[in-house]
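# Inside the fold
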Amino acid sequence: MTGPQIDEVTASNPFSDSGTPLLEFAGVSRVFGSVTAVKDVSFQIAPGQIVALVGESGSGKTTLARLAMRLLLPTSGEIRLEGEPVGKHSQRAYWRTVQAAFQDPSASFNQFYTVRRLLRTSLGVLDQKLSRDELETRMAEALTQVGIPPAMLDKRPHELSGGQRQRVMIARALMLRPRLLVADEPTSMLDASLRVSLLNLLRDLRDQQGLSILLITHDLGQAYYVSDRLLVMYRGELVEQGETEAVVAERRHPYTQQLLADVPKLH
Amino acid sequence: MSDLLRAENLSAGYVTAAGLVQAVDDVTLSLREGEVLGIAGESGCGKSTLAALLARNIQLPLRVTGGTLSMDGELADLSRALPRPQRGTLLSVLPQGAMNAINPTTRVRDLAYDVLRAHESGVTRKSARERAAERLGELGLPPRAVDQYPHELSGGMRQRVVAVISTLLNPRILIADEPSSALDVSSQQALVALLRDLLSREIIRGVVFITHDLPLMRSVADRVAIMYAGRLAELGQTDQMLNEPRHPYTRALVGSVLVPEPYVRRHRIEGIPGSPPDLANPPVGCRFHPRCPLADDKCLTDPPRVGDLESFAYCWRVAEAAQGQPVAPTAVAGSGA
Ligand SMILES: Nc1ncnc2c1ncn2[C@@H]1O[C@H](COP(=O)(O)OP(=O)(O)O)[C@@H](O)[C@H]1O
Ligand code: SF4
Ligand SMILES: [Mg+2]
């Protein structure tokens, strides 16, 4: 086989040496009225790791993503960013380290904004305005990272394809040079071939920039392809978690077994 | 027995300021009794346009530019939309957005009433509700869904309920355009099982199922047509197409699928470089040539169809393999292969 295998890459990942997890959920629950959307959830994301969260719709994945984005606070339990409880960070400070890219880029993409303007909208959380040079550098850097030619800076959303729009939304998040990207179903509007290239982009961001990623998806095939660790969510609880390959190979929990059985087979 | 649908050399395009966008180009295929015919391909390749043509939902700016369509053996008048009496009885459509398009203040029983009333002037709300509940029960869905509002049903259940209501009049043909793309895998499987059940109970007689998801095709379709840039690239039995794709485009699509099996994880899967062409200005010859790893100069000429109407591919390399040697463009065109 040519080139290193994924597991070797992860094992020798220069970004995952530090002992403190980047993000940690410790016994986190979130209650809405009489509904417990997220129940006693504990997991960690190390620097330079892709963690995938799988589960059916309604299982609590998006609530968990919103907690990880500090858009919601836990009802009980604690979320820590680099060892510090999230409550200690202001929301703006938190968003300098943790950024998000969501499901349907067209929904969050103002149709009158050019790519240039859209990229700048993430910068509001910075304490100081960037100099013009720094701004241009960051825009070029973010677009290069997602494989969009800088010539597209003046395009508007309708002039981009679905795959390009999704990449621009990721570039917008990267403008802040975050350490963690939360991606909630980022490929659900994309064709299979575009899906693969977006997942390859996530792999490259991990391997080349040491970015940590929390990928939320209902598609076990995608989770399996990109993630180092897999979290399986069912009715608000994490029923299984571990190294991706081990979770899929051992499939201990009945829900994991059912998820695997429901994945349509190609052959 | 005649085919439920038979398109011959069907072509259509969108009339735009920039000229005609040829979204369907010379498509020949049929839907047989008892089968699910899948149509797959990347977005922008004309799948929804073909679905609209087959459903005779033809409104400007879409215009038919050539070919014919027969429904149940009768030649259709493509200058007119499907006549009202045949909507819901000869043919029904299950669109992708069905579940979100429903008016949030309409209950399932009101939808059922609307469907039935269009054909049975005397139908009462009460009997519409009863018939819908009975049909839901027969198909293993909760009959009490009739009294619910769309938001009270999960996305997957909503889509299944809409499928049942839109087939209340036992249409012979159901056209489903990406009905499952927004659903999670378990709901997708449930929808597919429901469509199969409708077919085996002969409530409907044939389904055209559009999706860009090939593994889902495997579980739903008997035959699959692959579309690229408005044209058919390949058509055949689902198993044969997915196990031994002949056309390089089909092969590339199959190669982009991520299944949770170790070989997938250990490799970098590249997908298909580039994107489908702008159909206002498609490449000459084989439309896949700018992205095809096997393209050569010959591919600048329209490729021949290799195979019969049951199973075919349009590709120069496939033609050469079939003849065991290089084939010249004119020779194949001349021999009518
Ligand atoms: N109303 C329209 N006016 C002009 N062009 C259109 C219209 N609808 C679709 N098209 C074009 O027709 C082509 C095929 O689109 P479509 O049938 O929606 O493909 P698919 O369903 O495979 O994604 C695309 O190039 C698309 O941009
Ligand atoms: S005809 Fe040529 S370009 Fe088209 S698919 Fe075949 S080899 Fe590729
Ligand atoms: Mg479509």
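The structure contained in this document is the topic of the report that follows. No experiment lies behind these values; they were computed from the predicted model shown. (Residues numbered from 1 in each chain as written. Chains lettered and ligands numbered in written order. Predicted model: local features only at pLDDT ≥ 70, side-chain atom pairs only at ≥ 80, totals over all residues. Heavy atoms only, no water.)

## Notes on the site of ligand 2
Near ligand 2 you find 13 residues, and of these Cys286(B), Cys292(B), Cys299(B), Cys315(B) and Trp316(B) are the closest. Classifying every residue of the shell around ligand 2 by side-chain character gives 10 nonpolar, two polar and one charged. (Near = heavy atom within 4 Å. Nonpolar A, V, L, I, M, F, W, Y, C, P; charged D, E, K, R; others polar.)

## Some points on the sheet that holds strand E5 (residues 74-75) of chain B
The strands that make up a sheet are held in pairs by hydrogen bonds between backbone atoms, and each pair lies either parallel or antiparallel. All names here are of chain B. An order of E2-E1-E4-E5 is seen for the four strands of this open sheet, with the pairing classed as antiparallel. Two strands close off the open sheet at either side, each with one partner strand: strand E2 (19-31) and E5. Of the strand pairs in this sheet, strand E4 (residues 62-71) and E5 are connected by two bridges, and their pairing is antiparallel. Bridge pairing in E5 links Ser70 to Leu75. (Pairing = 2+ DSSP bridges. Helix = DSSP H or I, 4+ residues; strand = E, 2+ residues; numbered from the N terminus.)

## So, the sheet that holds strand E6 (residues 91-94) of chain B
Residues and elements named next belong to chain B. On the basis of which strands lie adjacent, the open sheet formed by eight strands has the order E6-E7-E8-E3-E9-E10-E12-E11 and mixed pairing. Each edge of the open sheet is held by one strand with a lone partner, namely E6 and strand E11 (305-308). Strand-to-strand twist of the sheet, defined as the mean angle between neighbouring strand axes without regard to direction, takes the value 15°. Along the sheet, helix H6 (residues 185-200) contacts strand E3 (36-40), strand E7 (173-177) and strand E8 (206-210); its crossing angle with E8, the most-contacted strand, is approximately 160°. (Axes fitted to C-alpha atoms, helices over the stretch in contact; angles between N-to-C directions. Contact = heavy atoms within 4.5 Å.)

## A word on the site of ligand 1
Residue and element names in this part refer to chain B. Inspection of the region around ligand 1 gives 13 residues, with Gly44, Gly46, Lys47, Ser48 and Thr49 positioned closest. Contact between ligand 1 and Gly44: an oxygen atom at 2.7 Å from a main-chain N or O atom of the residue. Within the backbone of Cys45, an N or O atom sits 3.2 Å from an oxygen atom of ligand 1. Considering ligand 1 on its own, with 560 Å² of exposed area, one finds that the protein chains cover 65% of that surface. For the shell around ligand 1, the element with the most residues is helix H1 (residues 47-54), which contributes three residues. (Polar contact = N/O pair within 3.5 Å; in protein donor to acceptor, adjacent residues only side chain to side chain. Areas by Shrake-Rupley, 256 points an atom, 1.4 Å probe, with all protein chains shown as cover.)

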